Each structure stands twice: as C-alpha cells, then as structure tokens.
Amino acid sequence: MPQLGLLPRRAWAALLSQLLRPPCASCTCAASCHSQVAEAVLTSQLKVHQEKPNFIIKTPKGTRDLSPQQMVVREKILDLVVSCFKRHGAKGMDTPAFELKEMLTEKYGEGSGLMYDLKDQGGELLSLRYDLTVPFARYLAMNKVKKMKRYHVGKVWRRESPTIVQGRYREFCQCDFDIAGQFDPMIPDAECLKIMCEILNGLQLGDFLIKVNDRRIVDGMFAVCGVPESKFRTICSSIDKLDKMAWKDVRHEMVAKKGLAPEVADRIGDYVQCHGGVSLVEQMLQDPRLSQNKQALEGLGDLKLLFEYLTLFGIAEKISFDLSLARGLDYYTGVIYEAVLLHTPTQAGEEPLSVGSVAAGGRYDGLVGMFDPKGHKVPCVGLSIGVERIFNIVEQRMKISGEKVRTTETQVLVATPHKNFLQERLKLIAELWDAGIKAEMLYKNNPKLLTQLHYCESTGIPLVVIVGEQELKEGVVKIRSVASREEVAIKRENLVAEIQKRLSES
C-alpha cells in the first residue's frame, strides 16, 4: 500500500470522493469494497504523478531567443540607429506593452484582426501594442503635447503567419522616430527620409531605394479610376501587397474577393506600374485624369517640393516616386515611404535573402485627433526601422564570413599562479572595478594559471593582472598582454593608471 503522506493534493481529493460514496448494491462488505476502490485509485494516481510530462521545450511560434552572440550584433545595430535619432535631436520615450483595446481598434484597417487581445483584467479589455505609432499619438493627446521630436525602441506583437527566413515574427522590435507639430510643408518629411538614408548607409547593407508616394495621390487615383469611396481602404490594402504579389494576383483579389469592377482594376493597373523621379511627378501633374482631382494635386504639389529638399540633402537619387506604394495602415494621410534593398550582398554559398522593406513610414495628421475629446489635431510624420529584417541580413553575412563576436567587454582578468591568494585577488579586482575598469576573476580559491590564461584567450580579454608571492613581497603586480604574452612589473600604486593608459592606446 503506498504512503498516503506522499500523495499529491489531487490524488487525496479523488481518494476521498471514492471513499465517501456508498458501497455498491451487490456488495456484502462495505469495508472490503472501499478498500479495493482506495487501492485502485491510489495506484492510478501515483502512476500519473510519476510519469514525466510529455511536452516539447520550445519557444512559441513566431518568437525566438537571442543568444549572447546575437545580442552583441543586435545592440550594435540599435546603437547605430539610436545615435542617428539623437543626432537629429530626438528625445527617448516609452509606453506600456499593452493598451486599452478601444485605443487600438479601427486604427490599422485589416491589420486590426492581427492584434493580440488579453483576457479581461479587472474590468479592462486590453491588447498588446501592434506598433509604436498609435501609443505615441495616444500619449500626445492624453498629455496635450503639441510639439515633440521623439524616438522609441520597443517590442510589438502581431498575430500573423510568421516567415522566420524573411525576418517576419509575431513578436519583434521596432525603432521609431517621429516629429509631431505644425510646421511648414515637407521640411520634417524630408528630414525623415534623410535619417533613413543615414541609417541604411551606416549599416552597410548594400544598395537601397526609398519608394515614396502620397496617400492623397492614392485616394485621388482611386477616385478617378472609379473605385467607390467605401472601398478605398480595402483596395488600398490590396495595392500594398504589390511588393509581395504579381499585379495579376492583386487584380484577382480586388475583383474576385473585394468586388471591384474589372475595368476599374485595369485603370488602377495603368497607374500603379509607374515609378520614377521628379519628372514623373511633373508628368502626373499633367495627367488628364489625376490633374482633375483636388486631393491628388495637393499630394503631387507636396511631392514636388519634397524632391527639392531631398536634392538639397543630396539624397534625391535614392528616392523613387512609386505609384504602387500604398502602405496599408489606415492612419496615413499624406506622404508615405518605404525602403527596400536592391540586392543583398552575397558571398560564395550564401543564399540571397528576400526580406521586403527594411524601413518605412509616412505622415499621419489625423491620428492624434482621434484620441482628443475635442478632435484637436497634431500633425505628425515619422519612420520605423525594421530591426529584425536587418538583423537577419547581418547575421547571415557574419555566419558566411566566420566573423567571431565577443560577448563580453571585459578588459582585465585578475589572476594568480599560487594557492591561497583569493584575498589579494579580491582586493585587486575591487580596486579595478572602483576605477571603472571592466574586470573579471575566476570563481575558484586556487585556479591554475594556465586555466586562467586560456580563459582570457577564449573570451578575448586583452590584459591579465598577475599577483603572486614574489609580487606581493616586492610591492608590484605584473601586467601581461594576452596577444604578445609580454609581461611587465608595475608598482602596485600605479596599476590603475597603467591599465587605463594601455586601454586608451588600444
């Protein structure tokens, strides 16, 4: 009979419920019946309790862990991006990972169905944030901020089918830069495009192109082609897929699934296959249909001004006016843009990556007003850097080249060749830490010197400070260069200054 004290709580409950039941009608001895039942229940429950859980240890679909090596690469990318944002005068900020669901709904068009909803928490219906833009607009409205230049780095969540090889995840990091406030036309917009160019040039991902369009041109195009106004947003989301699907497939979706007349779809097709520079803007200003639409004319006029500023910034050759660019999010109201790599630099044995856009953004002048009780608008324009896709490219390149990554920044290892020197090592390393020097020691009372030196070589630590019996007697320590293996004796009181000097020269 098993020991009752060892049973889990659920087994006790099951046993008790069986024992409290009346004996069966055919049974002549209640005690014997209960005893048999108890034995069967105990055996069954113990068997279940002893079995190992049958599950696979893995991360949820569309998510991933990042190793220390990957984090080093990721942090370098983020440092470059954030330093560019700061160079342009942006302030950092953060918002909660989840928002009230009502704050996020009806802001993303068809993307609203991809939001992660949380269970009712204390009477509040919540959703994980889908991007960083809508929470920023909510912040501006809630705090009555009329002017702000900010950057924000944080995770967002989208319940879509992940394509890991293309850098698409359900949980991913976004790096946003936004300018909020009433300013003269196209000056902030041009700066956003300049920032995108600076970041993509700095990351050295290869040649790239930034497609630009204007939501007013898109809506004007739909109007002159005969798209019913009620279908503008849904047709816009179809056009937004042209970077992933052929025109014939997009046309089929608009006609067969969204009920657009075939001749209207064909008129749209004539426009969305046009792309070029400022000369195309001039051409569209003369277009017999578009030139009759007030919205389209406003958008084309702003694009013409934008190209003037981009020329002054020296980046006009990186920009293409592309009528197929639509940006599916509902909140865009003016200029929109998207950066794509023209090719991913490949080496022998490397598969070219199809990663889609690596940065995107646009103007959203009405979003803040959607949160303001009085509908007061704060014009905004911004951009988002696709960190995950960029990281995939950089990571693959490093794998092919065999480039090694240091996962720590340790500058000095405090070591000893003798036993019973833990106290001296602890005093030494505390002195280095207090001086701001990045130092380590092995967590053993009496480590072997060879083990300590091998640790330095395997982790890339450049210097070793060695203290032993002779050094202690003479009031010195030895500094060893791991690369050259040269050792120099230094007076104990000069140790910090000497290490700082060496580190500044390296």
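What you see is a predicted model, and the numbers here were worked out from it, not measured in a lab.

Attention shifts here to the packing of aromatic side chains. The geometry of two aromatic rings is summed up by the distance between their centres and the angle between their planes. Under the definition given, this model contains five aromatic pairs. Measuring from centroid to centroid gives 6.1 Å for Phe85 and Tyr151, while their planes differ by 35°, and the two rings are tilted. Placement of Phe85 in helix α3 (residues 68-87) and of Tyr151 in strand β4 (residues 148-157) is noted, with a sequence separation of 66 residues between them. Put simply, the rings of Phe85, Tyr151 and Phe177 touch in pairs and so form one group of aromatic residues.

What follows is about the confidence of the model for the protein chain. For the protein chain, per-residue confidence averages 88 on the pLDDT scale, and 85% of positions sit at 70 or higher. Counted against residues more than four places away or in other chains, residues 1-6, with its pLDDT under 50, gives nine contacts.

Now for helix α15 (residues 422-434). Taking 1.5 Å of rise per residue, the 13 residues of α15 would be expected to cover 18 Å, and the 18 Å separating its terminal C-alpha atoms lies within 8% of that figure. Among all positions in α15, only Glu424, Arg425, Leu428, Ile429 and Leu432 are buried. With its buried residues spanning 125° around the axis, α15 presents them on a single face. Those residues of α15 that are exposed and angled more than 90 degrees off the buried face are Gln423 and Asp434. Those residues of α15 that are buried are in contact with β12 (412-415), β13 (439-440), β14 (463-466), α17 (469-474), β15 (476-481) and α18 (495-505). Just beyond α15, the residue with positive phi is Gly436, at close to 85°.

Below, the discussion takes up unusual backbone geometry. You will see that Lys144, though not glycine, has its phi angle at about 55°, which is positive. On the secondary structure map, Lys144 appears in the loop between α5 (133-142) and β4. Here the phi dihedral of Asn420 falls at roughly 60°; this positive angle occurs in a residue that is not glycine. With respect to the helices and strands, Asn420 occurs in the loop between β12 and α15. Judged by its relative accessible area of 70%, Asn420 is exposed.

What counts, and at which threshold
Residues numbered from 1 in each chain as written. Predicted model: local features only at pLDDT ≥ 70, side-chain atom pairs only at ≥ 80, totals over all residues. Heavy atoms only, no water. Phe/Tyr/Trp six-rings, centres within 6.5 Å; stacked < 30°, edge-to-face > 60°. Helix = DSSP H or I, 4+ residues; strand = E, 2+ residues; numbered from the N terminus. pLDDT = per-residue confidence, 0-100. Contact = heavy atoms within 4.5 Å. Expected span 1.5 Å × (residues − 1). Buried < 20%, exposed > 50% of the residue type's maximum accessible area, 1.4 Å probe, protein only. Arc of directions from axis to C-beta.

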